[in-house]
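Chain by chain, the residues:
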Amino acid sequence: MSGRRDRRSRLASRAVQLGFVASVVLAWYLATAYGHINRILLPNPVNVWHELKDVLASGEYLPDLRVTLTELAVAFAISCISGVTIGYIISRSAFLIRVFEPLLAGFYSVPVILFLPLYVLFFGLGPESKIALGTTISFFPIVLNTIAGFGYVDKIFITAARSMGASDIQMFRHVLLPAAFPVILTGLRIGFTVALLSILGSETIASLAGLGHHIVSLAEAMEPARMFAYIAFAVAIAVLLNTVVSGLERRARRT
Amino acid sequence: MSEPHRYGRYLARHPAWVRLAVILALLMLWEIAARFWIDPMFISPPSRVVASLGELFGTEGVPGALRITFGELAVAFAISVAIGLAVGLAVGLSRFGSRSFMPIILLLYGIPQITILPLFILYFGIGPPSKIAFGVTHGIFPIVVTIAAGVQNIKPILMTAAHSMGANRWQIFRWVIFPHMIPTFFAGMRLGMSGVLLGVLLAELYVSSAGIGYFTQMFTQAFDPAKLLGLISVLAAMAIALNEIVRRAEIHFGRWRME
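Residues numbered from 1 in each chain as written. Chains lettered and ligands numbered in written order. Predicted model: local features only at pLDDT ≥ 70, side-chain atom pairs only at ≥ 80, totals over all residues.

Considering the overall build of chain A
A count of helices and strands for chain A gives ten helices and zero strands. Mapped from its N terminus to its C terminus, chain A presents α and β elements in the order α-α-α-α-α-α-α-α-α-α. Taken over C-alpha atoms, the radius of gyration comes to 24 Å for chain A, far larger than the 18 Å a tight globule of 255 residues would show. Along the first, second and third principal axes, the C-alpha set of chain A runs to 80 × 65 × 30 Å. Counting all 255 residues of chain A, 38% fall into the buried class. A separation of at least 24 residues holds for 75% of the contacts in chain A among residues at least 6 apart in sequence. (Helix = DSSP H or I, 4+ residues; strand = E, 2+ residues; numbered from the N terminus. Rg over C-alpha atoms; globule rule 2.2 N^0.38 Å. Buried ≥ 20, exposed ≤ 12 C-beta atoms within 10 Å, placed from the backbone. Contact = placed C-beta atoms within 7 Å.)

Structure below.
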């Protein structure tokens, strides 16, 4: 009885969700097709859909997408290697943890986007300043989670392994790493997400190429339908990448 | 016991001194590097940054731009908290509501909002309204999600107990839900504050014809790193202060739950 009622209420929730999305799209269509709304401010959804198909079919997004993904890959690789290494070194001593963890957490609370003008001054408008910003932003969650992962392994496991005569390598491989791994993974996922966001953001603010840059140039060229299409494309790419990374995290956690 | 050993023990018990020493060493490194190795077009030593703060505040428009940014942060934060609280409660207090609308809210939260920043400038212009609106879109979602989750986390036994003792809806809200919400509310405010800071600063930096963005671009193009670093430091100090206020509030008002 309650199972059936539960299912019915779940169906009603789905209906509300679909209805909400449908009514937003419908209102958008009606407002642009029959209302007096400036086309520059809000393009017709049908036009946006055609533009999106055109963008996807022509493949003109490829150069910008390649720039953005390369920046992301380089930034994430640097912050992974440096974050995990530095985090591991700090985590080896309780004293270093007490000195550096509050320091790093304090830096982390500064909006790192403020460094962008500085990086543009140092590295120019090209991909280097985006890589630097993405690295800076993603370094903090990775290093903090690595410290948390390696630094707070239950003492009893370490004592037990030592008393059973584990070597340093065995200790790392069979005690420290399995205990720290899930926490580090979370840090890596957060780092990936913020690196992606900051790279898109810095491309939007000051750059020569990339998806964020393309959206701005379409906005400045007053091509709203194509801009909406590109926004939808960039959002889809970001959601796809984040979903893949979350999936990888869940998978690695299980094994 | 020899002398160095005693110092070592003292420092081991007081890591704050070592932390201070690390910060001082970094500042020193920056000072030396900027003075002797790196082109002064690109970086200024911290001493010169501090010395040029007066000149920075004397630059026409800079104090005004900082004041406007602070105002934008305050207004965006107030709007985010008000709307976030209302929506979070509306969604969180009904099972049906949360089941229906939470997926939509989480979907919107997951969108990289930076991609729609040009739209905000298009709709709201280059003045404060666009920056406030963009700050609100960043601040509102963490507040909604935290408050909705916090309201749902109330132990059912407390609700049942209140019901069975004959509490009406208002009494349940006042004596069960409200006290439980206070820690969640402040946790949401802290997350909302970092969101608002990010949104407002992104929009400020994006608009290069007015406000902070204009000055950062001007100082960059004039290769005036002392003023650029000064402006960034002032903004960073503002951000740290605001974050610290809401963090202290969270610790203060969240205490009763731990006891």
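A look at the overall build of chain B
What chain B contains, in helices and strands, is twelve helices and zero strands. From first element to last, N terminus to C terminus, chain B shows the α and β order α-α-α-α-α-α-α-α-α-α-α-α. What you see for chain B is a C-alpha radius of gyration of 24 Å, clearly larger than the 18 Å of a compact globule of 259 residues, by over 25%. Taken along the three principal axes of its C-alpha coordinates, chain B extends 75 × 70 × 30 Å. A burial count over chain B gives 37% of its 259 residues as buried. Partitioning the intrachain contacts of chain B with sequence separation of at least 6 by distance along the chain shows that 75% fall at a separation of at least 24.

Some remarks on the domain arrangement of chain B
For chain B, the domain assignment lists domain 1 (3-37) and domain 2 (53-258). Of note, the centres of domain 1 of chain B and domain 2 of chain B, computed from C-alpha atoms alone, are 35 Å apart. (Domains from an automatic or database assignment.)

Things to note about the domain arrangement of chain A
Domain annotation of chain A identifies domain 1 (1-37) and domain 2 (58-254). Look at where the C-alpha atoms of domain 1 of chain A and domain 2 of chain A centre, and you get two points 36 Å apart.

Let's talk about the interface of chain B and chain A
Chain B puts 37 residues into the contact, and the matching count from chain A is 38 residues. Counting residues per element, the ones that place at least two in the side of chain B that touches chain A are helix 2 (15-36), helix 6 (95-110), helix 7 (117-124), helix 10 (169-206), helix 11 (211-221) and helix 12 (225-258) of chain B. With eight residues, the single largest contributor to the side of chain B that touches chain A is helix 12 of chain B. Taken together, the residues of the side of chain B that touches chain A break down into 29 nonpolar, six polar and two charged. (Nonpolar A, V, L, I, M, F, W, Y, C, P; charged D, E, K, R; others polar.)

Looking at helix 2 of chain B
For helix 2 of chain B, spanning 22 residues, the distance from its first C-alpha to its last is 31 Å, which sits close to the expected 32 Å at 1.5 Å a residue. Among the 22 residues of helix 2 of chain B, two are classified as buried, and the element is accordingly described as predominantly exposed. (Expected span 1.5 Å × (residues − 1).)

Describing the packing of helix 4 (residues 94-108) of chain A against helix 6 (residues 127-151) of chain A
Each pair of packed helices gets described by two things: the angle between the helix axes and the distance between those axes. Residue and element names in this part refer to chain A. Across the interface, helix 4 lies against helix 6 with an axial gap of 10 Å and an inter-helix angle of 150°. Comparing the axis directions of helix 4 and helix 6 gives the class roughly antiparallel. As for the relative orientation of helix 4 and helix 6, their crossing is left-handed in sense. Judged by residue contacts, Ile-97, Glu-101, Leu-104, Ala-105, Phe-107 and Tyr-108 of helix 4 engage Phe-140, Val-143, Leu-144, Ile-147 and Gly-151 from helix 6. For the contact of helix 4 with helix 6, the class distribution of residues is nine nonpolar, one polar and one charged. (Axes fitted to C-alpha atoms, helices over the stretch in contact; angles between N-to-C directions. Parallel < 35°, antiparallel > 145°, perpendicular 65-115°, else oblique. Left-handed = near helix turned anticlockwise from the far one by under 90°.)

Looking at the nonpolar core
If you look at the biggest cluster of nonpolar residues, it comprises 106 residues, and the most contacted ones within it are Ala-195 and Ile-215 of chain A together with Val-144 and Leu-202 of chain B. Per-element tally for this core: the top contributor is helix 10 of chain B, with 13 residues. Contact partners of Leu-202 of chain B, with chain neighbours within four places excluded, come to Ile-113 and Gly-201 of chain A together with Ile-114, Leu-117 and Phe-134 of chain B. (Core = buried A, V, L, I, M, F, W, Y, C linked by C-beta atoms within 7 Å.)

Quick notes on unusual backbone geometry
Of note, Met-222 of chain A is a non-glycine position whose phi angle comes to about 55°, a positive value. Checked against the element boundaries, Met-222 of chain A lands in the loop between helix 9 (211-220) and helix 10 (224-254). Residue Phe-223 of chain B is not a glycine yet carries a positive backbone phi of 50°. As for its position among the elements, Phe-223 of chain B is in the loop between helix 11 and helix 12.

Quick word on the confidence of the model for chain B
Residues at a pLDDT of 70 or more form 96% of chain B, whose mean pLDDT is 84. Here the complex is predicted with pTM 0.84, and the ipTM for its interfaces comes to 0.81. (pLDDT = per-residue confidence, 0-100.)

Overview of the environment of Gly-149 of chain A
Residue and element names in this part refer to chain A. Inspection of the secondary structure assignment puts Gly-149 in helix 6. Here Gly-149 falls in the buried class, since 24 other C-beta atoms lie within 10 Å of it. Between the C-alpha atom of Gly-149 and that of Pro-178, which follows or precedes it by 29 residues, the distance is 9.6 Å. Each residue touching Gly-149, except ones within four places of it in the same chain, is listed here: Ala-180, Val-183 and Ile-184.

What about the environment of Gly-64 of chain B?
In this structure, Gly-64 of chain B sits in helix 5 (residues 62-93). For Gly-64 of chain B and Gly-211 of chain B, which are 147 residues apart along the polypeptide, the C-alpha to C-alpha distance reads 8.3 Å.

Structural notes on the packing of helix 3 (residues 62-91) of chain A against helix 9 of chain A
All names here are of chain A. The geometry of helix 3 relative to helix 9 is characterised by a closest axis approach of 8 Å and an angle of 135° between their N-to-C directions. The orientation of helix 3 with respect to helix 9, classified from their angle, is oblique. Residues Asp-64, Leu-65 and Thr-68 of helix 3 form the contact with helix 9, whose own contacting residues are Leu-211, His-213 and His-214. Partitioned by chemical class, the residues of the contact of helix 3 with helix 9 number two nonpolar, three polar and one charged.

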